[in-house]
There are 2 protein chains.
Amino acid sequence: MTGKPIAIASDHAGFELKSTLVEELGALGHAVLDLGTGGPDSVDYPDFADALAAALADGRAERGVLVCGSGLGIAMAANRHPGVRAAPCHDETSARLTREHNDANVLALGARLIGVEVAKDCLRTFLDTEFAGGRHQRRVDKLG
Amino acid sequence: MTGKPIAIASDHAGFELKSTLVEELGALGHAVLDLGTGGPDSVDYPDFADALAAALADGRAERGVLVCGSGLGIAMAANRHPGVRAAPCHDETSARLTREHNDANVLALGARLIGVEVAKDCLRTFLDTEFAGGRHQRRVDKLG
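The notes below deal with the structure included here. Remember, it's a predicted structure, so these values are computed and weren't measured experimentally. All residue numbers here refer to positions counted from 1 along the written sequence of the relevant chain. The naming scheme follows written order: chains are lettered A onward, ligands numbered 1 onward. Whole-chain, interface and lining totals are the exception, using all residues; otherwise, since this is a predicted model, local features are given only for residues with pLDDT of at least 70 and side-chain atom pairs are given and counted only at 80 or more. Where side-chain values are given, they derive from all heavy atoms of the structure, hydrogens and water being excluded.

### Focus: the packing of aromatic side chains
Part 1 of the argument: Think of it this way: a Phe, Tyr or Trp ring, Trp meaning its six-membered ring, pairs with another when their centres are within 6.5 Å, and the plane angle makes it stacked under 30 degrees, edge-to-face over 60, tilted otherwise. A full pass over the atoms with the stated rule returns 0 aromatic pairs over all chains.
Part 2 of the argument: The ring centre of A:Phe126 lies 5.8 Å from the NZ or CZ of A:Arg63, which sits over that ring. As a reminder, the over-ring test applies to NZ of lysine and CZ of arginine, requiring each to be within 6 Å of the ring centre and within 35 degrees of the ring normal.

Following this line, the structure appears as structure tokens:
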């Protein structure tokens, strides 16, 4: 971890959970780069995935969090971008494994699938777990 | 759904569950295009995601199933490919939502995260659920 902010973005379905996670990141001592959406009006999740991918690509952030209804569509969109490794997680185990094995740099959460305490646990585990390296590095390199 | 086979691929961690799902697909009346891996020896999940993406791109299959330890790394790799919409699902709800909202064409499963009956339920729901279209089509189009 560096001192760079954690980037975060969501669509309308994820807006409320994103707001909670922005507070949680602050409580954990992280600076936050909030890329929207800024309210409950309907938007398209790929636009916000693209905004977060751009923030990682230009170095404004090294890790990010994405939220939509399921976490699945916004992660698909993020993973279109080389260098982004976005993992839709539903519990601490998946958040831990994707850090250890995939060196995931973006946590994707489904606001309609998991509750707020599960989401916070995923976030903390995602931020606290180191990549295991070794044989996993070769596979991450193949992702491009 | 067309009469085209369902493509399926996994790494070593997903090999056993893949074998079970090949049988299940046959029991459900689907032809299966099994792209490996063919045994428990260690392989790299991106290679098998790429093989499945190629099968979708050249029209050998229209839908696919990917299995690795978490379902997360192999889905990241698959989503690098335009036209592939791979969703790591952990229950029927996530499998239903990603068909309805994202028109997902690849189901990704984590052999170390979910049990075999949950995996079979995800598979059946994934295959039986139609895309909802409407406003979701615009977002899918943005995925490319």
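### Focus on the interface of chain B and chain A
By convention, interface size is frequently given as the accessible area that disappears when the constituent parts associate.
Part 1 of the argument: A contact between two residues is defined here by any heavy atoms of the two lying within 4.5 Å. Each partner contributes to the interface: chain B provides 39 residues, whereas chain A provides 39 residues.
Part 2 of the argument: Its largest share of buried area at the contact with chain A, chain B owes to B:Met76, B:Arg80 and B:Arg139, together 25% of the area lost on that side.
Part 3 of the argument: We count a salt bridge whenever a side-chain nitrogen from Lys or Arg sits within 4 Å of a carboxyl oxygen from Asp or Glu. Joining chain B to chain A, the criterion identifies 8 salt bridges.
Part 4 of the argument: Between A:Asp44 and B:Arg139 there is a salt bridge, with its nearest N and O atoms 2.9 Å apart.
Part 5 of the argument: Counted as a polar contact is a pair of N or O atoms within 3.5 Å, where, for protein atoms, one must be capable of donating a hydrogen and the other of accepting one, and residues adjacent in sequence contribute only when both atoms are in side chains. Here chain B and chain A share 25 residue pairs in polar contact (both at pLDDT 80 or more) between them.
Part 6 of the argument: By definition, any uninterrupted DSSP run of H or I lasting at least four residues is a helix, any uninterrupted run of E lasting at least two residues is a strand, and each is numbered from the N terminus. Counting residues per element, the side of chain B that touches chain A draws most heavily on helix H4 (residues 92-102) of chain B, at 6 residues.
Part 7 of the argument: Think of it as three bins: nonpolar holds Ala, Val, Leu, Ile, Met, Phe, Trp, Tyr, Cys and Pro, charged holds Asp, Glu, Lys and Arg, and polar takes everything else, Gly as well. Taken together, the residues of the side of chain B that touches chain A break down into 17 nonpolar, 14 polar and 8 charged. Two parts placed together each lose some accessible area under a 1.4 Å probe, and the buried area is that loss summed for both.

### Looking at the pattern of salt bridges
Part 1 of the argument: For the structure shown, the criterion picks out 24 salt bridges over all chains.
Part 2 of the argument: As a salt-bridge pair, A:Asp44 and B:Arg138 come within 2.7 Å of each other at their nearest N and O atoms. Highlighted residues: A:Asp44 in the loop between strand E2 (32-34) and helix H2 (45-57) and B:Arg138 in helix H6 (residues 135-143), drawn from two different chains.
Part 3 of the argument: A residue is classified by how much of its surface remains accessible, and B:Arg138, at 42% relative accessible area, is partly exposed.
Part 4 of the argument: Residue B:Glu100 is joined to B:Arg96 by a salt bridge in which the shortest nitrogen-to-oxygen separation is 3.1 Å. With a gap of 4 residues between them, B:Glu100 and B:Arg96 both fall in helix H4, about one helical turn apart.
Part 5 of the argument: Between buried and exposed lies partly exposed: a residue is buried under 20% and exposed over 50% of the maximum accessible area for its type, with that area taken using a 1.4 Å probe on protein chains only. Accessibility expressed as a relative area gives 34% for B:Arg96, which makes it partly exposed.
Part 6 of the argument: Through salt bridges with shared partners, a single ionic network connects A:Asp44, A:Asp47, B:Arg138, B:Arg139 and B:Lys142.

### Some words on unusual backbone geometry
What is expected of a backbone is that most residues other than glycine have negative phi and most peptide bonds are trans.
All names here are of chain A.
Part 1 of the argument: Residue threonine 37 is reached from glycine 36 by a cis peptide bond, and omega for that bond is 0°.
Part 2 of the argument: Tracing the sequence through the fold places threonine 37 in the loop between E2 and H2.
Part 3 of the argument: Even without a glycine there, the phi angle at aspartate 103 is positive, about 50°.
Part 4 of the argument: For aspartate 103, the location among the structural elements is in the loop between helix H4 (92-102) and strand E5 (106-110).

### Describing the sheet that holds strand E2 (residues 32-34) of chain B
All names here are of chain B.
Part 1 of the argument: Judged by pairing direction, the sheet is parallel, and its 5 strands sit side by side in the order E2-E1-E3-E5-E4 without closing on themselves. Each of the sheet's edge strands pairs with one partner strand only, and the pair in question is E2 and strand E4 (86-88). Taken over all neighbouring pairs, the strand axes of this sheet differ in orientation by 20° on average, direction set aside.
Part 2 of the argument: In this description, strands pair whenever DSSP reports at least two bridges between them. Strand direction decides the pairing type here: E4 and strand E5 (residues 106-110), joined by 3 bridges, are parallel. Across the sheet, residue alanine 87 finds its bridge partner in E5, namely leucine 107.
Part 3 of the argument: Along the sheet, helix H1 (residues 15-27) contacts strand E1 (6-10), E2, strand E3 (63-68) and E5; its crossing angle with E1, the most-contacted strand, is approximately 165°. Angular values range over 0 to 180 degrees, each being the angle between N-to-C directions of two axes fitted as lines to C-alpha atoms, with helices fitted over their stretch in contact.

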